[in-house]
Every structure is written in C-alpha cells, then in structure tokens.
Amino acid sequence: MPDSPTQAAPAKGGLKNMLLLAGAYTSYCIGSGFTTGQDTLQYFAGFGLFGFAALLLGLLLHAYTATTFLRLGLEKQFDSNLAVYEYYAGPVLAKGLLLFLIVFTFLSATVMVAGFGASLEQHLGLNPLIGNLIMAVLCAVTLLLGLKRVVDIIGTLAPLLIIVALITALWFIFHHADGFSAGLALAPTLDTPRLGFTWIDSGINFASWAPLVTAPFLCETAPKFIVKKKEARISAILGVSVYGLAIAIMMVAFFCDYANISAKMVPTLEMASLISATFGSCYIFMMCVGIYTSAVPEFLMFCTSFFRDGTRAFRIFAVVTIFLSTILTSLLPFSVIYNYVYLVAGYLGWIIIAMVIVKNIRTRRQSR
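What you see as residue numbers is a count from 1 along each chain, following the sequence as written. Residues qualify for local features only when their pLDDT is at least 70, as the model is predicted, and side-chain atom pairs are given and counted only at 80 or more; totals for whole chains, interfaces and linings, by contrast, use all residues. Based on all heavy atoms of the structure, the side-chain values leave hydrogens and waters out of the count.

Draft legend 1. Highlighting the packing of helix 5 (residues 81-124) against helix 14 (residues 267-275). Here, axes are lines fitted to C-alpha atoms. For helices the fit covers the stretch in contact, and angles between N-to-C directions go from 0 to 180 degrees. Helix and strand labels come from DSSP, where a helix needs a run of H or I of at least four residues and a strand needs a run of E of at least two; each type is numbered from the N terminus. For the pair helix 5 and helix 14, interaxial distance at closest approach is 10 Å and the crossing angle is 30 degrees. Taken together, the axes of helix 5 and helix 14 lie roughly parallel to each other. Where helix 5 crosses over helix 14, the two elements pack in a sense that is right-handed. Between helix 5 and helix 14, the contacting residues are Ser 119, Gln 122 and His 123 on the first element and Leu 269, Glu 270 and Ser 273 on the second. Each angle is binned into one of four classes, with values under 35 degrees roughly parallel, values over 145 roughly antiparallel, values of 65 to 115 roughly perpendicular, and all other values oblique. Each crossing gets its handedness from the near helix: less than a right angle anticlockwise from the far helix is left-handed, clockwise is right-handed. What makes two residues a contact is simply this: any of their non-hydrogen atoms within 4.5 Å.

Draft legend 2. Representation of the packing of aromatic side chains within the structure. Two aromatic rings from Phe, Tyr or Trp, using only the six-membered ring of Trp, form a pair when their centres are within 6.5 Å; if the ring planes differ by under 30 degrees the pair is stacked, by over 60 it is edge-to-face, and anything between is tilted. Across all of its chains, the model carries 21 aromatic pairs by this definition. Aromatic side chains Tyr 43 and Phe 44 sit 5.8 Å apart centroid to centroid with 40 degrees between the ring planes, which places their arrangement in the tilted category. Buried means the residue's accessible area, taken with a 1.4 Å probe over protein chains only, is under 20% of the maximum for its type, while exposed means over 50%, and partly exposed covers the values in between. Assessed through its relative accessible area of 1%, Phe 44 is described here as buried. Put simply, the rings of Phe 100, Phe 104, Phe 334, Tyr 338 and Tyr 342 touch in pairs and so form one group of aromatic residues. Residue placement shows Arg 194 over the ring face of Phe 47; its charged tip is 5.3 Å from the ring centre. Geometrically, a lysine NZ or arginine CZ counts as sitting over a ring once it is within 6 Å of the ring centre and also within 35 degrees of the ring normal. Sitting above the plane of the Tyr 87 ring, Lys 359 keeps its charged end 4.7 Å from the centroid.

Draft legend 3. Summary view of the packing of helix 5 against helix 16 (residues 312-331). The geometry of helix 5 relative to helix 16 is characterised by a closest axis approach of 9 Å and an angle of 60 degrees between their N-to-C directions. When the interaxial angle is binned, helix 5 and helix 16 end up oblique. Seen along the crossing, helix 5 lies across helix 16 with a hand that is right-handed. Contacts between helix 5 and helix 16 involve Phe 106, Thr 110, Val 113 and Ala 114 on the former and, on the latter, Thr 321, Ser 325, Leu 328 and Thr 329. Considered class by class, the residues forming the contact of helix 5 with helix 16 number four nonpolar, four polar and no charged. Lys, Arg, Asp and Glu make up the charged group, whereas Ala, Val, Leu, Ile, Met, Phe, Trp, Tyr, Cys and Pro make up the nonpolar group; the residues left over, Gly among them, are polar.

Encoded structure:
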C-alpha cells in the first residue's frame, strides 16, 4: 500500500522556480560593491568603452561557473562546503581554499565597515573613522546579543536598495545623457583605481572570485528549485543577465558625469544627492542598513569558523576581530581597501577557475 504523505512536497522545476533561483543568485552577487558603485567603477568604468567588453567577458565566465555549480548541485547534492572544494581540488588543497574563504570573509567585512565610514564622510562630512566605529559597534553588539534574526529581517530591504540604486542611475542618465560621450573618452585618461592592469584581466577578476564564494551556495540551492540540468543553464543565464544589465546601467550613468562621479568614494550616493538632498539622505540610510546586514553575517561566518556561536570564547574573539577590522579601515581610504582586497582575491581566483575548467574537461572525457 503506497504511503499517504500528510504534506505534499514543494514542486520543483518550471519557469517560476528558475526565476526564483536566478533572482537568488543575482541578490547573492549584488552587494555593497554594487550599491556603493565601487565595483562598477573599478572593474569596468575606468577602461572607458572597453569596460563594456570587460563586463561581457566577466559575465560569460560567471554564466559558465554558475551553470557548472548548479548542475553539480543537482548531481552530487553535497552535504558541506568542504565537500564541494574537495571535488575540484582534492582533500588537501580543499582545506587551503576553505582557509582562503575564511580570510576573504574577514576582509570582505572590513571593506563593508570602510564603506559605511566613507558614506557618512561623503554625505555628512564626518571623519570616516567615526562611521567605521559606529558600524563596528553595531556589528559587535549584534553578535554579542545574538540578534542575527533581526539582521535577516532588515536584510529583506536589500532587493529594494538595488531597485532604488537602478532608479537613481536611470534618472541620472535621463538628465545628464549629453555628458556620456565626453565621460566615455575621459575615463581611460584618469588615474582612478582599477581591478586589473587591462580590461581583459579586470573582466576575468570580476568573475574569478565567484567560484570560491558562490560554489557552496549554488550547489546547496539548486536541488531546492530545479530538477533538470537544462534548467540549471537557463537559471544561470537569467541571473547573470540581470546582474550584467544592472551593472551596465550603472556604468552608463557614471559616464554621464564621469569627472565628478569617479572622484567620490561612494559614486552612487553622489548621484542620489544630485537628485535632491532628501533623496540623498534616504539613499544613504538604506545603503547603510544594507551594509550592516551584509557585514554582520560576514563577521559571524568568520568567527564561527573558530568558535561556536554564543560561547564566551566566541564573544571575546568577535570583539577582537571587529576591533582589528576597524584598525585596518583607519589605515587606508575605502576605495584603496576595496581595490587591494578584490584585486588579490581576483588573481587568486584564476587558479580556482582553472581547476573548475580542468575538472569539467576530465569529467566529460571520462563520461565518453
């Protein structure tokens, strides 16, 4: 006699679930770097017209790795992050990749703290260290009191912030379109921070951090939404396309007033402030909330890599970690910290992409 389940399993597959999976991937990739504008500025806009070529190259690599991990998640259904890395790198090197991810998590959280201080400095004229300290205290209090659930609830504002950022960019394009050609020509001549020596390696760097960070997320998420490998490819392409379109719109907006926008630590905030002072204030509030809800999970992930959440050792380690992070943010400006962290992560990520490609080639040969 067949079982009579008391609760039907959620349906998987289909267009709705592919769209949900694509949206989850886009939200995972678009973070504080996009909402502050630094990733668009440093990965792409600094190369002028070739910035669009760099974006296309990066998106192709993003689509390749995302499709790979979604398919792998359907096939293997790993039970841990380490298992994903072991599949590509073997048991010894996988631990090295996991260690690098832990270090990158700390540095990524440090970038967010610096972004908070830079935002308050640009909008209110405060010393950036004051903003950094405010964010550090907020993160420390949240971890000590175990308020992760509050962060998750507030974090639902992230998609809204992305929408507001795109609306800001579109408004800016509409009102400053006559400056686009001049900005496009000016960009390569300015000495602004860039995440690559040429547009080619910058485009690769844009995608090369993704395999390390997104592999566990995509492998774990895929079985919850889709059932076919074809759906994995479609979901990846949809998510990457939306991601790329958002960056392209932001880049076009930057070119419309490039001399002014590129000189700011937080380019998107400058555009919002030019719309009106009130809109600028609303934008910085939402952006700071977004940075906070991103920084806390990063610090939590780093600290729980060493101590169990809620223990005395965890609390002490969390305070020390956030204190050291704040010291780092006081040494260099936000744009420079962002450049150093993601430049190093980008070039190290080339090794990971190479591992993924080699593994895929070997697997196909074996299957034949």
